[in-house]
Amino acid sequence: MSRFVEKSRKKAGSAPGTLVYVGERKIDQPRITIMDYESDQLSERTIKTIDELIPLVDSPTMTWINIDGIHDLPMIEKIGAHFGIHPLTLEDIVNTGHRPKVESFDNYLFIVIKMLHHDETEKRVTSEQVSLLLGPRWLISLQEAPGDTFDPVRERLRKGKGRIRPSGCDYLAYALMDNVVDHYFTILEKIGAQIEEIDDAVTENPQIDIPHDIHNLKQAVIYLRKQVWPLREIVNHLKKEETDLIHDSTRLFLSDVYDHVVQVIDTIESYRDLLGGIRDLYLTMVSNRMNEVMKVLTIIATIFIPMTFVAGIYGMNFKYMPELEWPWGYGLAWAVMAVIAIALLAFFKKRKWL
Amino acid sequence: MSRFVEKSRKKAGSAPGTLVYVGERKIDQPRITIMDYESDQLSERTIKTIDELIPLVDSPTMTWINIDGIHDLPMIEKIGAHFGIHPLTLEDIVNTGHRPKVESFDNYLFIVIKMLHHDETEKRVTSEQVSLLLGPRWLISLQEAPGDTFDPVRERLRKGKGRIRPSGCDYLAYALMDNVVDHYFTILEKIGAQIEEIDDAVTENPQIDIPHDIHNLKQAVIYLRKQVWPLREIVNHLKKEETDLIHDSTRLFLSDVYDHVVQVIDTIESYRDLLGGIRDLYLTMVSNRMNEVMKVLTIIATIFIPMTFVAGIYGMNFKYMPELEWPWGYGLAWAVMAVIAIALLAFFKKRKWL
Amino acid sequence: MSRFVEKSRKKAGSAPGTLVYVGERKIDQPRITIMDYESDQLSERTIKTIDELIPLVDSPTMTWINIDGIHDLPMIEKIGAHFGIHPLTLEDIVNTGHRPKVESFDNYLFIVIKMLHHDETEKRVTSEQVSLLLGPRWLISLQEAPGDTFDPVRERLRKGKGRIRPSGCDYLAYALMDNVVDHYFTILEKIGAQIEEIDDAVTENPQIDIPHDIHNLKQAVIYLRKQVWPLREIVNHLKKEETDLIHDSTRLFLSDVYDHVVQVIDTIESYRDLLGGIRDLYLTMVSNRMNEVMKVLTIIATIFIPMTFVAGIYGMNFKYMPELEWPWGYGLAWAVMAVIAIALLAFFKKRKWL
Amino acid sequence: MSRFVEKSRKKAGSAPGTLVYVGERKIDQPRITIMDYESDQLSERTIKTIDELIPLVDSPTMTWINIDGIHDLPMIEKIGAHFGIHPLTLEDIVNTGHRPKVESFDNYLFIVIKMLHHDETEKRVTSEQVSLLLGPRWLISLQEAPGDTFDPVRERLRKGKGRIRPSGCDYLAYALMDNVVDHYFTILEKIGAQIEEIDDAVTENPQIDIPHDIHNLKQAVIYLRKQVWPLREIVNHLKKEETDLIHDSTRLFLSDVYDHVVQVIDTIESYRDLLGGIRDLYLTMVSNRMNEVMKVLTIIATIFIPMTFVAGIYGMNFKYMPELEWPWGYGLAWAVMAVIAIALLAFFKKRKWL
Amino acid sequence: MSRFVEKSRKKAGSAPGTLVYVGERKIDQPRITIMDYESDQLSERTIKTIDELIPLVDSPTMTWINIDGIHDLPMIEKIGAHFGIHPLTLEDIVNTGHRPKVESFDNYLFIVIKMLHHDETEKRVTSEQVSLLLGPRWLISLQEAPGDTFDPVRERLRKGKGRIRPSGCDYLAYALMDNVVDHYFTILEKIGAQIEEIDDAVTENPQIDIPHDIHNLKQAVIYLRKQVWPLREIVNHLKKEETDLIHDSTRLFLSDVYDHVVQVIDTIESYRDLLGGIRDLYLTMVSNRMNEVMKVLTIIATIFIPMTFVAGIYGMNFKYMPELEWPWGYGLAWAVMAVIAIALLAFFKKRKWL
């Protein structure tokens, strides 16, 4: 499974609008849940066939259609036909390797964002594509796999408190996006905690696996960056898009999301800088520690080498070596060696190598 | 306590406009002080309940309401209701992990800036969120904890000299922001002094804890940068915002703040460069010093190793070793060793290794 | 053959509009294939002489003229005369070292893009220039060598399904560009796979040829970047160009291509970052491993050097060495040596060098 | 004295418009010189009290008031009152730690630029703030200390040749700014000469103080950059400012200054790159030289260690060592050692380590 | 002669419009050649005195005046007077250290570009300033020294084929600029070839002079960059300048030059990246090779040191050393040493250090 490349979006050269699902099949059977609501009422159910949708579309109530699992291509095409979705949009929905983007069509807005998950065990960040189709009175959200990320929004709809039910589908779209962006903060927090952990480890105990941890975090940050950067442009575009599909009251909330996205990006950039700084520190620490080791060891060796040389001299077997006969020869040899050792130590001390 | 991540703003997925205080509770009981003034008079008091505020809001005098401590959520909500503050604004006020920003609403301007403190003991920069709500005749400032940062402004109000009392609340807002930005210079000065100290230390005495000092300063600068950068955009926005809440006479003063913010940013960027340069110098110094050590030590070893070899030769116990019998054998051995040592020293000298 | 420089476009100083072919002659005889189509019919043939083209140009049907091999300069000039192509355009067509670009003339649009190939054996990316001339009812595509890249588009034309036949030549031009950009993803995938391979190799087994692999990949990425960056501007320009040659319905599809180009660029930038990170990791790993080796070896040497010194002492031949006469002298020497070894080991242990 | 930080502009929190001089007192008594001129006449004098200025301001002649020494705050305030200068401007004049900037008021333009000096002995660049107040018929220039930088302009005024006398005060302001920017080139030349010197030194003789020289030059370049960058914006702003204070004929000359400022900035950026390159080269040279040393020394040691081992073997005192009794044992030992030495040398040679 | 700094443009502080020639005097006597042409005729001659020019200026034919050698200041001033050239322009013409730029005056356009030469022997890039003055029916080109760069244009004028004679002087100016830019490609090719050469050398044989070659190439690229970057803006400006001096038909050709300039810049940026990559590779290669050397040598030393210790033990002269008396003592010693050597080798092998 490729970590660094998104899979080619489709078979290269196939006609645009050709639906080819490129992801893993993360769920067996797509699950379609419908929430149909207006200010003071809400009906919720799971449907089997797409045909059940038809009456809902034209009803005056708001309809949120959530689809988990997008590999059932005929179903996607059927939905496209019902709601008047452009083939290129359908293609983008099933090509999950897509860049976050927003596109406005006559009758709907198409938004692609990335839901991010932090895999605790592998310490990696993975992404899942979420497509939103925002029509006048309906919102279709499509995910690759079922998840509980949208549950808080569902809960708020069910409770019916606050702005969510009286507002239109654009507010619902905002709520979902807000939800996804909120989730980014959770991931940033986890990564931030790991960065801190490494920062402490470097100072206290530079072990051999720190470079790997830094490397992995760096790659996670690069990955995050690639997923989040386009969001800024998207939300800004939504804020300013001249379309009836987004009410002015919702634009204010989009500004709020915009702020959060910018904050996420700021934090990601800080993390890059921080990781760079930690790596620099790690290298300096390791190198200093190594230098320290080498210096002490080399000094020991350097002191004993001349002394061993003196011992070697008087280990020679020449017949005529006057020193060997001297009664105080042995003591003298020791004295010479001591002088050498002390002189070297003094020299090292003076040079501040000790 | 997380150093690198701002805490997630709220429980991910909760409805927008839900107030959740995420910071530490830095003060037990919020303290609300009111300064009600016009050109020639000033009344100042501390109030207990929010209801005392009501008559002040519609009075023709200027009212500055300063609130220390923002964890009392019902109080915040009550204020919001009184002054017609948007729920998203209230949420941003209590979520202290927010990015500096400015937002204009119909009846007020909302400004978030960061007050920075330099913790002498831990040599770290910490930040505190200051929210300003600027209405037509009132200004509400909200801080996490009581502090003396705004005292000079209070003093000027009390003395009633200069422009501050006759001008409107927009000038007061300017004065507070100016105050905060002025404070940044104090922090920059402290960091600058530390950078200089390290710069001198590198040249004179590269010790082992320099990398840590550089690392910590770098992180402080990254932190500062993240807090200050958005301010530039904010002040620029305020200068140009088409709103009646800011008078033209005040815009000139905002230009002044703008200049100071740009100067702060310039200085921060210089610090980054300077720290990078110091780090480079440190590494070069350490590496040069190490090389010096290793070279001298290695040379000593290298000279004695061949000499010891010669001594080893004549320490062999072969029965038939003619040199051992020569009367001048011992002297000759010394001569050979001397020749080797001198030759090696000359070679090293010639190669400029000594 | 120069890898890093595009060949000078023409003999420096020659008149603009002078046709000089600078590439390799990749095909002996240019091959001209024609597809003449409207919604419900298609004729396809290969022609020999350029004169056969004349009746087709003014016919109401769409005509796609594909030319493989562009070194036959008189032929190019003849085509230029038939279709009213500007001399500078003709010069750019045969100067294959050109930067991707788009230029609009009164009667046609001129588009230069690069088709990229990944040479498996040499692990290098090579490029081929594709020129498109888009007129009102004709499209001329010129390639340096015949290839199968455009086959899927031909197939779709033959099958006559979908949008391709009823739409105009602008849609055909889009289809060809889409095809080329789709091909980029294939190359990105291959490079991505190689990056992953190296990433794994660094962790598991840092061998000596990793730096070369990283270096080559880096150069491939630099090359890719240079070829793809201008495309973004080009497609954006086409989307917004005020010309009758591109219908509004096609602009939507160009947006799609634009997204893909941006995604390609994003991925290329990520690759740069990833390769930089891998290089850093590699260097750290190698350096750590080396340090480890040196440390262990140096420690062994350092322990034995003092012990050997002791042995050397008692190898001296002084007449009066009291220790030599002691019955337990030998045992004592061993003891001394053992103490030295243990003391050093303890010291190293304490300093955490072991 | 702080090298890296500009002193905080004023006591943090003091009211805007409060004059506090923050620099060193570089001159005892401010010196005010006046040049009053029109096309065909010029009067020049030094005045003692500010009151002497009053009649000059409203005269139809041009008046250039040059003030050396700005610590006399009452004097500054008096001038402000006479000429209708905004308090914020006065504050900026005496706060010499200011960023270069331009501000337009109703009745005057306020320009802050930096005069740079190169301190030969300390090899540092220092800056002095120059403030220009350009009114309709007067120009006030304020410097911290007296200097000869403006002498050439004075000389041109006295000689009365060329454009300077007939043109208005805006041309005079231009002439002063041109003068200051011209001076930058002198400093760039000096720094450029030092860079060249270091570049040569690296190649010929990498000594231990090169890193410091590079470091100091780098910091000088960072400092220069910070002082010069804002100038570009300032001159551009002056060129385009819609004000009657600057005549169209002068704008052309401002374009000329603009070109020079851009050239200064270009050169500064080149210097950064060049210094980076020199530092890289230095490190590579030092490291290569060190490697060379270590390699040769290690090889010498490595050859003698096995030979010494052989000698050690036959220095053992075992009773039964057959080789010792052989008549040709000694010769054989030599032969063995020679073989070892030659084999090792051949191995090193083959591996290209020699 | 300064390599890194352009000479200060004039004596700092001299009046603007003062002509001071700052370059080397590259030719003794300026040479003025005139080509006077219209569609069907051409006269060409070399003139001695500037007065001969006067009748040509007002003639209805196009006149190209080429001046080699610009140190004859009175001549330059005379030309300036004849053609109504602004003093600042004249100053810029003789100040050859100028940045490329374009300036439009009422009656002429002033263009400064850099002709680049590659000095084969010194492997350096040098530049020469070319000034173009484009009037309604005349073009003046000024060079520091005579050269053959413009010969192809002259040849085309003489032959009278193509567009060059019928078009106006703006086309001639384009032709000259195109010529100069074409020449850049030649230089890029040479530098590209050198980069390739070094790239190969690094892989095959990292010698000690590679860092210098990389350093010199880097500096050449920095130099090139500084000369070429401004050109982009210049040509773009010419394309869009609202002036009658440039006909619409010529603007298309300027687009062509623009493309080439962008391509040159792209290539220069690639070269920077490539050189950075090669430097990284070089350092890694050298370091890896060095590590390899050190490792093998250290291992050899480490194996023999314990063995030599054993030999040292049995070289001691203690009276009571039981092993020395054992008949198989000597063999045992060998065995012990063999065991040590094998154990160490096995350990190294297991740790993958061999």
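Residues numbered from 1 in each chain as written. Chains lettered and ligands numbered in written order. Predicted model: local features only at pLDDT ≥ 70, side-chain atom pairs only at ≥ 80, totals over all residues. Heavy atoms only, no water.

1. A look at the overall build of chain A
- The number of helices and strands found in chain A is nine helices and seven strands.
- Relative to the compact-globule value of 20 Å for 354 residues, chain A shows a C-alpha radius of gyration of 35 Å, a clear excess of over 25%.
- In terms of its C-alpha atoms, chain A occupies a principal-axis envelope of roughly 120 × 40 × 30 Å.
- Buried positions account for 61% of the 354 residues belonging to chain A.
- For chain A, long-range pairs separated by at least 24 residues make up 67% of all intrachain contacts whose partners lie at least 6 apart in sequence.
- When the accessible surface of chain A is split by element, carbon and sulfur atoms take 54% of a total near 14000 Å².
- In chain A, the 41 positive side-chain charges and the 50 negative ones have mean positions that sit 6 Å from each other. (Helix = DSSP H or I, 4+ residues; strand = E, 2+ residues; numbered from the N terminus. Rg over C-alpha atoms; globule rule 2.2 N^0.38 Å. Buried < 20%, exposed > 50% of the residue type's maximum accessible area, 1.4 Å probe, protein only. Contact = heavy atoms within 4.5 Å. Areas by Shrake-Rupley, 256 points an atom, 1.4 Å probe, with all protein chains shown as cover. Lys, Arg positive; Asp, Glu negative; His and termini not counted. Charge placed at Lys NZ, Arg CZ, Asp CG, Glu CD.)

2. What about the interface of chain B and chain D?
- Taken together, the contact between chain B and chain D spans 66 residues of the former and 66 residues of the latter.
- Summing both sides of the interface, chain B and chain D together bury roughly 5800 Å²; the carbon and sulfur share of this comes to 63%.
- In terms of surface lost to chain D, no three residues of chain B exceed Glu 196, Phe 309 and Phe 318 of chain B, which account for 12% of the buried area on that side.
- Put simply, chain B and chain D have seven salt bridges between them. (Buried area = accessible area lost by both parts, 1.4 Å probe. Salt bridge = Lys/Arg side-chain N within 4 Å of Asp/Glu carboxyl O.)

3. Some remarks on the environment of Gly 80 of chain B
Residue and element names in this part refer to chain B.
- Looking at the secondary structure, you find Gly 80 in helix α2 (residues 73-83).
- For Gly 80 and Ala 175, which are 95 residues apart along the polypeptide, the C-alpha to C-alpha distance reads 24 Å.
- Beyond its immediate sequence surroundings of up to four residues, Gly 80 is in contact with Ile 85 and Leu 90.

4. Focus: the interface of chain A and chain C
- On the side of chain C, 67 residues touch chain A, which itself brings 66 residues to the contact.
- Between chain A and chain C, roughly 5800 Å² of surface is buried when both sides are summed, and carbon and sulfur atoms account for 63% of that area.
- Here Lys 218 of chain A ties to Asp 280 of chain C by a salt bridge, and the two come within 3.5 Å at their closest N and O atoms.
- Applying the counting rule to chain A against chain C returns 13 residue pairs in polar contact (both at pLDDT 80 or more).
- Only α3 (87-94), β4 (101-104), α6 (210-240), α7 (248-313), α8 (322-325) and α9 (329-350) of chain A provide two or more residues apiece to the side of chain A that touches chain C.
- In terms of residue count, the dominant contributor to the side of chain A that touches chain C is α7 of chain A (18 residues).
- Counted by class, the side of chain A that touches chain C contains 35 nonpolar, 14 polar and 17 charged residues. (Polar contact = N/O pair within 3.5 Å; in protein donor to acceptor, adjacent residues only side chain to side chain. Nonpolar A, V, L, I, M, F, W, Y, C, P; charged D, E, K, R; others polar.)

5. Here's the deal with the relation of the copies chain A and chain C
- In screw terms, the move from chain A to chain C is a rotation of 72° and a rise of 0.1 Å along the axis, fitting with an RMSD of 0.2 Å. Interpreted geometrically, this transformation is the action of a five-fold axis. The position closest to the rotation axis in chain A is occupied by the C-alpha of Gly 315 of chain A, lying 4.3 Å away.
- A different interface surface on each copy is seen, since only 11% of the contact residues of chain A are contact residues in chain C too. (Least-squares fit on C-alpha atoms with pLDDT ≥ 70 in both.)

6. Let's talk about the sheet that holds strand β5 (residues 109-119) of chain C
Residues and elements named next belong to chain C.
- The seven strands lie next to each other as β2-β1-β3-β7-β6-β5-β4, forming an open sheet whose pairing is mixed. Strand pairing shows two members of the sheet lacking a second neighbour, β2 (41-47) and β4 (101-104), which therefore form its edges. Strand after strand, the sheet turns through a mean of 15° between neighbouring axes, direction not considered.
- Direction of pairing for strand β1 (residues 31-38) relative to β2: antiparallel, over a ladder of seven bridges. Residue pairing across strands places Glu 38 opposite Gln 41, the latter belonging to β2.
- Contacting β4, β5, β6 (124-134) and β7 (138-143), helix α3 (residues 87-94) crosses the sheet at an angle of about 155° to β6.
- Of the strands in this sheet, β4, β5 and β6 are in contact with helix α6 (residues 210-240), which crosses β5 at around 150°. (Pairing = 2+ DSSP bridges. Axes fitted to C-alpha atoms, helices over the stretch in contact; angles between N-to-C directions.)

7. Some thoughts on helix α5 (residues 169-204) of chain A
- Between its first and last C-alpha, α5 of chain A extends 53 Å over 36 residues, near the 52 Å set by a 1.5 Å rise per residue.
- By the criterion of burial, α5 of chain A is predominantly enclosed, with 26 of the 36 residues buried. (Expected span 1.5 Å × (residues − 1).)

8. Some thoughts on the packing of α5 of chain A against α7 of chain A
All names here are of chain A.
- Running from N to C, α5 and α7 cross one another at 15°; their axes reach a closest spacing of 10 Å. Accordingly, the angle class assigned to the pair α5 and α7 is roughly parallel. Of the two elements, α5 crosses α7, and the hand of that crossing is left-handed.
- Partitioning the contact of α5 with α7 into residue classes produces 22 nonpolar, six polar and six charged. (Parallel < 35°, antiparallel > 145°, perpendicular 65-115°, else oblique. Left-handed = near helix turned anticlockwise from the far one by under 90°.)

9. Regarding the arrangement of the chains
- Separated without contact, chain A and chain D have their nearest C-alpha atoms at a distance of 9 Å.
- The two units chain B and chain E remain apart, with a minimum C-alpha distance of 8 Å.

10. Some points on the packing of aromatic side chains
- Throughout the structure, instances matching the rule amount to 65 aromatic pairs over all chains.
- Taking the centre distance of 4.7 Å and the plane angle of 10° together, the rings of Phe 105 of chain B and Tyr 108 of chain B count as stacked.
- Aromatic ring contacts, followed pair by pair, group Phe 304, Tyr 314, Tyr 330 and Trp 334 of chain A together with Phe 309 and Phe 318 of chain C into a single cluster.
- In this structure, Lys 239 of chain D packs its charged tip against the face of Tyr 258 of chain D, placed 4.5 Å from the ring centre. (Phe/Tyr/Trp six-rings, centres within 6.5 Å; stacked < 30°, edge-to-face > 60°. Lys NZ or Arg CZ within 6 Å of the ring centre and 35° of its normal.)

11. Points about the pairing of strand β6 (residues 124-134) of chain B
Residue and element names in this part refer to chain B.
- Buried residues dominate β6, accounting for eight of its eleven residues.
- Where strand β5 (residues 109-119) and β6 come together, eleven bridges link them in antiparallel fashion. Among the inter-strand pairings, His 117 is bridged to a residue of β6, identified as Thr 126.
- The turn linking β5 back onto β6 is made up of four residues, and Lys 123 within it adopts a positive phi angle of 50°.
- Across five bridges, β6 lies against strand β7 (residues 138-143) in antiparallel orientation. Across the sheet, Leu 134 pairs through a bridge with Leu 139, a residue of β7.
- The hairpin formed by β6 and β7 contains three residues between the paired strands.

12. Description of the relation of the copies chain B and chain D
- Superposition record for chain B on chain D: RMSD 0.1 Å, screw rotation 72°, translation along axis 0.1 Å.
- Take the interface residues of chain B: only 9% of them recur as interface residues in chain D, which is what a contact between different surfaces looks like.

13. Some words on the confidence of the model for chain A
- Looking at chain A as a whole, its pLDDT mean stands at 85, while 93% of the residues score no less than 70.
- Across the whole predicted complex the pTM is 0.82, and at the interface the ipTM reaches 0.77. (pLDDT = per-residue confidence, 0-100.)

14. Some details on the pattern of salt bridges
- What the rule picks out here adds up to 74 salt bridges over all chains.
- Where Lys 101 of chain A meets Glu 103 of chain A, a salt bridge forms, and the shortest distance between an N and an O atom there is 3.3 Å. A single burial state applies to Lys 101 of chain A and to Glu 103 of chain A, both of which are buried.
- Asp 68 of chain D is paired through a salt bridge with Arg 31 of chain D; the nearest N and O atoms lie 3.3 Å apart. Here Asp 68 of chain D, found in strand β3 (residues 62-68), pairs with Arg 31 of chain D, found in strand β1 (residues 31-38); they are 37 residues apart in sequence, far enough to count as distant.
- Judged by relative accessible area, which is 40%, Arg 31 of chain D ranks as partly exposed.
- Taken together, the shared-partner salt bridges in this structure form one network comprising Asp 92, Lys 101 and Glu 103 of chain A together with Asp 256 and Asp 259 of chain C.

15. A look at the pairing of strand β7 (residues 138-143) of chain D
Residue and element names in this part refer to chain D.
- Burial of β7 is extensive: six of the six residues sit out of reach of the surface.
- Pairing analysis gives six bridges linking β3 to β7, with the strands arranged parallel. Residue Trp 64 lies in a different strand from β7, and its bridge partner there is Leu 139.

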